[in-house]
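# Fold and contact review
Letter by letter, the chains look like this.
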Amino acid sequence: MRLLLFLAALASVGCQQVPVTGRSQFILVDESEVASLSAAEFAKMKKLPADPRLPKIREIGLRIVAAARRDDKAGVLPPSSRWEFAVIDDKSPNAFAMPGGKIGFNAGMFAFAPTDDDIAVILGHEVAHVICRHGSERVSQAMGVAIAAAVADEATKNSSAKTRGTWMAAVGVGAQYGILLPFSRSHESESDRLGLIFMARAGYDPEAAPAFWTRFSKAGGSKPPEFLSTHPADSTRVNQLRRWMPEAKAQMPKKP
Ligand SMILES: [Zn+2]
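I will try to describe carefully the structure that is included in this document. Because the structure is predicted, anything quoted here is derived from the model rather than measured. (Residues numbered from 1 in each chain as written. Predicted model: local features only at pLDDT ≥ 70, side-chain atom pairs only at ≥ 80, totals over all residues. Heavy atoms only, no water.)

### Quick look at helix 8 (residues 234–249)
Taking 1.5 Å of rise per residue, 16 residues should cover 22 Å, and helix 8 covers 22 Å from first to last C-alpha, within 8% of that figure. Within helix 8, the axis deviates most sharply at Arg 243, by approximately 40 degrees, and proline Pro 246 lies no more than four positions further along. Among the residues making up helix 8, those that are buried are Arg 237, Val 238, Gln 240, Leu 241, Trp 244, Met 245 and Ala 248. (Helix = DSSP H or I, 4+ residues; strand = E, 2+ residues; numbered from the N terminus. Expected span 1.5 Å × (residues − 1). Bend = angle between axes of the 7 residues up to and from the residue. Buried < 20%, exposed > 50% of the residue type's maximum accessible area, 1.4 Å probe, protein only.)

The structure is reproduced here in structure tokens:
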């Protein structure tokens, strides 16, 4: 009973809303804590500070951040002056944006992103993960799973070992396949939709998004997690992007 009261208290502090989609989310962690952990990780990464493509990443990134800020009612995104950009010395095609305003673009990603529009697809998607607080939500889900496991353990204390085993497996497997992964896919879809809006608003061509994902999925090879397993199936993703295209195009700046 005490645990239920505790959970109810957490739920009342933890409920937030995602910009644009309005989806409710459950967040138990402090964003500033996540930001300082992220900054420590970012500091450790091997960067290429003299890479001639870095100013381009910074320019496109700042335009995306400015466009995203219009939907940032909760003030999640740091001011433009606090964002830090880096080309990461890594051949795998990946990119990321961290809470607190750190953006990394792997050297290996440029082969898939020859134009400014392509880079805007990638950075739009990554900044959307930050404004939607997906990292914090994932951590909160994991904490929720740990609490559920503790509840199951307590509830089956007097049952047979077999019953207990079944319960714990249900919590564990259910968590892995029933809760965490589908939420991740929904995070990816959410970031695709918001990323499309942000890039269009920043003056880039949103049609580059379905083209990029089609090209990227055909390339195959070993992709790091952010750009592989947790993403929606490639055909689903392209269909969704097509569906959201009019919404994004309506946000494009009017030509003078
Ligand atoms: Zn993503």
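Next comes the rest of the description.
### Some words on the environment of Pro 79
Residue position: Pro 79 is located in the loop between helix 3 (54–69) and strand 3 (84–88). Judged by its relative accessible area of 40%, Pro 79 is partly exposed. Placed 10 residues apart in sequence, Pro 79 and Arg 69 show a C-alpha to C-alpha distance of 8.9 Å.

### Comments concerning the nonpolar core
Counting residues in hydrophobic clusters, the biggest one holds 47 residues, and the most contacted among them are Ile 64, Phe 105, Ile 119, Leu 123, Leu 196, Phe 198 and Met 199. Broken down by secondary-structure element, the contributors of at least two residues to this core are helix 3, strand 3, strand 4 (95–98), strand 5 (102–106), helix 4 (116–131), helix 6 (161–201), helix 7 (208–219) and helix 8. No other element matches helix 4, which puts nine residues into this core. Setting aside chain neighbours within four positions, we find Phe 105 in contact with Ile 57, Ala 86, Val 87, Ile 88, Asn 94, Ala 95, Phe 110, Ala 113, Ile 119, Ile 122 and Leu 123. Membership of the second largest hydrophobic core comes to five residues, among which are Phe 42, Ala 86, Phe 96 and Met 98. (Core = buried A, V, L, I, M, F, W, Y, C linked by side-chain atoms within 4.5 Å. Contact = heavy atoms within 4.5 Å.)

### Regarding the pattern of salt bridges
Inspection of the entire model under this criterion finds 15 salt bridges. When the shortest N-O distance is used, the salt bridge between Glu 207 and Lys 249 registers 2.6 Å. A residue pair is termed long-range when its members are at least 10 positions apart, and Glu 207 in the loop between helix 6 and helix 7 and Lys 249 in helix 8 qualify at 42 residues. One connected set of salt bridges, linked through shared partners, spans Arg 23, Glu 137 and Glu 190. (Salt bridge = Lys/Arg side-chain N within 4 Å of Asp/Glu carboxyl O.)

### Re the sheet that holds strand 5
Strand order across the open sheet formed by three strands is 3-5-4, with mixed pairing between neighbours. Each having just a single partner strand, strand 3 and strand 4 make up the two edges of the open sheet. The sheet shows a mean angle of 15 degrees between the axes of neighbouring strands, direction not considered. As defined by bridge partners, strand 3 adjoins strand 5 across five bridges and the pair is classed as parallel. Paired with Phe 85 across the two strands is Ile 103, which belongs to strand 5. Here helix 3 sits on the sheet in contact with strand 3 and strand 5, set at roughly 135 degrees to strand 3. In the packing of helix 4 onto the sheet, contacts are made with strand 4 and strand 5, and the angle to strand 4 comes to roughly 35 degrees. (Pairing = 2+ DSSP bridges. Axes fitted to C-alpha atoms, helices over the stretch in contact; angles between N-to-C directions.)

### Structural notes on the environment of Val 139
Mapped onto the elements of the fold, Val 139 is located in helix 5 (residues 134–155). The partly exposed category is assigned to Val 139, whose relative accessible area is 40%. In this structure the C-alpha to C-alpha distance between Val 139 and Val 29, which are 110 residues apart in sequence, comes to 7.6 Å.

### Quick word on the packing of helix 3 against helix 4
The interhelical angle for the contact between helix 3 and helix 4, taken along N-to-C directions, is 50 degrees, at an axis separation of 9 Å. Classified by the angle their axes make, helix 3 and helix 4 are oblique. Handedness of the helix 3/helix 4 crossing: right-handed. Contact with helix 3, carried on its side by Lys 56, Ile 57, Ile 60, Gly 61, Ile 64, Val 65 and Ala 68, involves Asp 116, Ile 119, Ala 120, Leu 123, Gly 124, Val 127 and Ile 131 of helix 4 and no other residues of that element. In the contact of helix 3 with helix 4, the residues fall into 10 nonpolar, two polar and two charged. (Parallel < 35°, antiparallel > 145°, perpendicular 65-115°, else oblique. Left-handed = near helix turned anticlockwise from the far one by under 90°. Nonpolar A, V, L, I, M, F, W, Y, C, P; charged D, E, K, R; others polar.)

### Observations concerning the environment of Met 143
By the element assignment, Met 143 lies in helix 5. A relative accessible area of 33% means that Met 143 is categorised as partly exposed. Sequence-wise, Met 143 and Val 29 are 114 residues apart; in three dimensions their C-alpha atoms are separated by 9.5 Å. Leave out the neighbours within four places in its chain, and Met 143 touches Leu 28 and Val 29.

Just geometry here; none of it tells us what the structure is for.
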